[in-house]
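Chain residues, written in single-letter form:
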Amino acid sequence: MLPAFSPIFRRLLPAVTFERLLRFWRTMAQQTGDGVQCFVGDLPSSLKPAPGPSVLDAEIDHRFALLVSPGQWALLEGEQISPHHYAVSITFAQGIIEDFIDKQNLPVVAEAMPHRPEPQSGPTISEQLTLGLLEILNSDSTSFSPEPSLQDSLQASQVKVLSQVIAQIRQSLDLAEILNKAVTAVQKFLFVDRLVIYQFHYHQPSLASVGEESTLAPKPRQQYGEVTYEARRSPEIDTMLGIMTENDCFSQVLSYEQKYLKGAVVAVNDIENHYSSSYCLVGLLQRYQVRAKLVAPIIVEEQLWGLLIAHQCHHPRQWLDSEKNFLGQIGEHLAVAIVQSLLYSEVQNQKNNFEKRVIERTKELRDTLMAAQAANLLKSQFINNISHELRTPLTSIIGLSGTLLRWFDHPTSLPPAKQQYYLLNIQENGKKLLNQINNIIQLSQLESGQTALNIQSFSLHTLAQTVIHSLMGVAVKQQINLELDYQINLGQDQFCADQERLDQILTQLLNNALKFTPAEGTVILRIWKEKNQAIFQVEDTGIGINEQQLPVLFEAFKVVGDSYTSFYETGGVGLALTKQLVELHGGYIEVESSPGQGTIFTTIIPQQSLPLATKGPVQDKLDAVMPFNSSVIVIEQDEEIATLICELLTVANYQVIWLIDTTNALQQVELLQPGLIIVDGDFADVTEVTRGIKKSRRISKVTVFLLSESLSSAEWQALSQKGIDDYLLKPLQPELLLQRVQSIQQEPLR
């Protein structure tokens, strides 16, 4: 039954019944006479769904009939859901009809507008319309209880829409597109005013800050949500898109979340009756024009992801079981689409992460390859340069020594003065080779962090005088004026640093300046103090350096410009080693240069802290003054080295005993009681012998020198604590060996 005041009527009717309603509309227009207009036709293409490949755009035949008179407006619409059935709606709501007229662009004349009073002779149009509709609808048994054929047709349509939704899920990975098209199709099929997807958002609250019990246990998880997708039958229906609601009102419905998690589909025919005990919930639904609703859950991974909700806005609605089942099935398939989208998103994230890792790894490999190529190029450059440099002094050494061997017994051909010149030349070239090798070893130790500073207090003036004196001969030979500009009062020239390393730094910088300064030029060493820093500046009037070459000036094995003499003199590591030694002190070095105008190197060295123990290795080797025993024991497996040491010391009037290994060394030392032991061998064997010597009362004062090819500062500190008094690096330098041996004859400094 259709009451006269009901604004909207919806039913599933046979096609025959819908045709009778269309004819009734036309008859009403003809019987009521002037001032009444009737429009019957199909929905124009502009109001139909937009054409496209989407399988959810169902092909529905949409027909309408509009009756307009001064006393009554009535709109009949029918959407064909099967060959023999229509979803029919009848509305008398003026706003909905006006919107329909605007969209249809129907030529409704002003005289037919309902503001004019209707004549009162005979039954009114409203009464005639109500009686006619009651007669047609009451004669149709399917109005309230669908007949089997109608029910079968409805189920077939449901299957068709479900198939279309499933096909869309399989064909697309765009979740927004799937959900949008799904709500549109389901809204049309159910013929509801509004269909929305309400998506939940969960958050875990923080622990309560007050009360011991509430601090131990967190509060239950809270939830809120918003309407993320929506389809409306008409703009007359208010939109809910983007509406966010807390769960305060819904929490009054007992166990509603658990009910949805079990997959229940909730049908509310009339909210005013169903939620009569919840004023909050009724008010919330009425605010959005909801009178009846059908709710199906969307469960994703055992969590309530959201709700699929159908709204009837203007009047109650008796929901059919088939509609409940249909909406529940749509919710299940949408859950599948959501899971599919989440998996795809996860795969995409993994793919992006993998691609990012591949890019990063590729960059690392490219950088490694470039570094390897640079290292290989540097190695090739080093080999080429060092081989040339080694060959130059070796050629002199081999050539001159060969000449001596051939003519030493022919004084007329090779007089003693020339032999002495050859020997000095051989010695000088040998020292150059040794200096180059030592520089490379020191640079390697510095770069690997194996070098420690030997901090002591010394006079900067004495250091400067020593360095200038050592290089004065070179300056005089090259006709260069070498000057010292010392700007520190002699009473304030004490400084704490590694004196040997500072000597090495200044010698290298001055050597470099002398090398590139022409005759009649000047090289100046300036020294001054600023607060706790000592500043050393070396200025020359030499050839200078191009600005483009400055960045590689302190790199090892790099040649600046075409001046190969720089490499030959320093082994390619001179300035690189200097920079490392400066930075080992915590200082820094700067350079200023212009081609043809000279160069200025400025080195800043901070004052260092003295260690707790200030005694040096030579000072610690004797605890009491005692006469020196001139006998020396040499423990050396290499016959050539042993022969060299024995010959040098014998010529210097020392008694020398040679032991091949350390097996019986302790007994021999106790028996002979020498003044000095020179030992070469494995560190473990050497320290074992030294430990026995230092424990013996008879020989505990014997000085022990260690021979080694290389020795880092850390290794020396460890060996010095195990009884080693001093060390000598191979290859041995005769003058240095004799100097060290002679030094132990002097009284130790106290």
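This text goes with the structure placed above it.
Engineer: Please provide a residue-by-residue account of helix 17 (residues 639–651), values included.
Structural biologist: Compared with the 18 Å implied by 1.5 Å per residue over 13 residues, the 18 Å span of helix 17 between its first and last C-alpha is a close match. Among the residues making up helix 17, those that are buried are Ala642, Ile645, Cys646, Leu648 and Leu649. Relative to the axis of helix 17, the buried residues are bounded by an arc of 165° and lie together on one face. Set apart from the buried face of helix 17 by more than 90 degrees, the exposed residues are Glu639, Glu640 and Val651. Lining the buried residues of helix 17 we find strand 19 (631–635), strand 20 (655–659), strand 21 (676–680), strand 22 (703–708) and helix 21 (734–743). Where helix 17 begins, the side chain of aspartate 638 points an oxygen toward the backbone nitrogen of glutamate 640, at a separation of 3.0 Å. Two residues or fewer after helix 17 comes asparagine 653, characterised by a positive phi angle close to 70°.

Engineer: Outline the sheet that holds strand 22, listing residues and values.
Structural biologist: Taken together, 5 strands build an open sheet; the order of strands is 20-19-21-22-23 and the sheet is parallel. In this open sheet, the two edge strands, each paired with only one partner strand, are strand 20 and strand 23 (726–729). Strand-to-strand twist in this sheet, taken as the mean axis angle between neighbours without regard to direction, amounts to 20°. Looking at chain direction, strand 21 and strand 22 are connected through 5 bridges and run parallel. Counted as the bridge partner of valine 679 is leucine 706 from strand 22. Packing of helix 17 onto the sheet brings it into contact with strand 19, strand 20, strand 21 and strand 22, and relative to strand 20 it is tilted by some 170°.

Engineer: Let's hear about the sheet that holds strand 17 (residues 588–594): which residues, and what values?
Structural biologist: Hydrogen bonds along the backbone pair up the strands of a sheet, which may run parallel or antiparallel. Taken in spatial order, the 5 strands of this open sheet run 13-15-16-18-17, and their pairing is mixed. Strands with a single pairing partner mark the edges of an open sheet, and in this sheet they are strand 13 (481–486) and strand 17. Strand-to-strand twist across the sheet, computed as the mean angle between neighbouring axes with direction ignored, equals 15°. In this structure, strand 13 lies alongside strand 15 (residues 522–530), joined through 6 bridges in parallel fashion. Across the sheet, residue tyrosine 486 finds its bridge partner in strand 15, namely isoleucine 527. In the packing of helix 12 (residues 460–477) onto the sheet, the strands contacted are strand 13, strand 15 and strand 16 (533–540), and the crossing angle to strand 13 comes to about 175°.

Engineer: Would you mind going over the nonpolar core in detail, with residue names and values included?
Structural biologist: Ranked by size, the top nonpolar core spans 37 residues in total, and within it Leu460, Phe495, Leu502, Leu510, Val523 and Phe536 carry the most contacts. Those elements that provide at least two residues to this core are helix 12, strand 13, strand 14 (494–497), helix 13 (499–515), strand 15, strand 16, helix 15 (574–584) and strand 18 (598–606). Discounting residues that sit within four places of it in the chain, leucine 502 has contacts with Phe458, Leu463, Phe495, Ala497, Phe536 and Ile605. With 34 residues, the next largest nonpolar core counts Ile298, Ile330, Leu334 and Ala337 among its residues.

Engineer: How would you summarise the environment of aspartate 725 if you had to cite specific residues and measurements?
Structural biologist: For aspartate 725, the position within the fold is in the loop between helix 20 (713–720) and strand 23. With 23 residues separating them in the primary sequence, aspartate 725 and valine 702 have C-alpha atoms 9.3 Å apart. For aspartate 725, the side chain forms a polar contact with the side chain of lysine 694, separated by 3.4 Å. From its side chain, aspartate 725 meets the backbone nitrogen of valine 704 in a polar contact 2.8 Å long.

Engineer: I'd like a description of the packing of aromatic side chains, backed by residues and values.
Structural biologist: For any pair of aromatic rings, geometry is given as the distance between the ring centres together with the angle between the planes. Across all of its chains, the model carries 6 aromatic pairs by this definition. Their ring planes at 55° and their centres at 6.2 Å tell us that tyrosine 421 and tyrosine 422 sit as a pair that is tilted. Using a relative accessible area of 52% as the deciding quantity, one classes tyrosine 421 as exposed. Taking the relative accessible area as the measure of exposure, tyrosine 422 reaches 16% and is therefore buried. Aromatic side chains phenylalanine 458 and phenylalanine 495 sit 6.4 Å apart centroid to centroid with 80° between the ring planes, which places their arrangement in the edge-to-face category. Taken as a pair, phenylalanine 458 in strand 12 (residues 456–459) and phenylalanine 495 in strand 14 lie far apart in primary sequence, 37 residues in all. In this pair, the class of phenylalanine 458 matches that of phenylalanine 495, namely buried.

Engineer: For a nonpolar patch on the surface, give the residues involved together with the corresponding values.
Structural biologist: Judged by side-chain polarity, Leu390, Leu394 and Ile398 come together as a nonpolar surface patch covering roughly 240 Å² of accessible area. Topologically, isoleucine 398 is positioned in helix 10 (residues 321–407). Under the relative-accessibility criterion, isoleucine 398 is labelled exposed at 57%.

Engineer: Any chance you could break down the pairing of strand 17 for me, citing the residues and the numbers?
Structural biologist: Two strands pair when backbone bridges link them, and strand 17 and strand 18 are joined in this way by 7 bridges, in the antiparallel orientation. Note on strand 18: the bridge partner recorded for glutamate 592 is isoleucine 600. Following strand 17, the chain reverses through 3 residues before pairing antiparallel with strand 18; glycine 596 in that reversal takes a positive phi of roughly 80°.

Engineer: So what's going on with the packing of helix 18 (residues 665–672) against helix 19 (residues 683–695)? Residues and values would help.
Structural biologist: Across the interface, helix 18 lies against helix 19 with an axial gap of 10 Å and an inter-helix angle of 35°. The chirality of how helix 18 crosses helix 19 is right-handed. Counted together, Ala665, Leu666 and Val669 of helix 18 and Val689, Gly692 and Ile693 of helix 19 form the full contact between these two elements.

Rules used in this analysis
- Residues numbered from 1 in each chain as written.
- Predicted model: local features only at pLDDT ≥ 70, side-chain atom pairs only at ≥ 80, totals over all residues.
- Heavy atoms only, no water.
- Helix = DSSP H or I, 4+ residues; strand = E, 2+ residues; numbered from the N terminus.
- Expected span 1.5 Å × (residues − 1).
- Buried < 20%, exposed > 50% of the residue type's maximum accessible area, 1.4 Å probe, protein only.
- Arc of directions from axis to C-beta.
- Contact = heavy atoms within 4.5 Å.
- Polar contact = N/O pair within 3.5 Å; in protein donor to acceptor, adjacent residues only side chain to side chain.
- Pairing = 2+ DSSP bridges.
- Axes fitted to C-alpha atoms, helices over the stretch in contact; angles between N-to-C directions.
- Core = buried A, V, L, I, M, F, W, Y, C linked by side-chain atoms within 4.5 Å.
- Phe/Tyr/Trp six-rings, centres within 6.5 Å; stacked < 30°, edge-to-face > 60°.
- Patch = residues over 30% accessible without salt bridge, like charges linked within 9 Å, V, L, I, M, F, W, Y side chains within 5 Å.
- Areas by Shrake-Rupley, 256 points an atom, 1.4 Å probe, with all protein chains shown as cover.
- Salt bridge = Lys/Arg side-chain N within 4 Å of Asp/Glu carboxyl O.
- Left-handed = near helix turned anticlockwise from the far one by under 90°.

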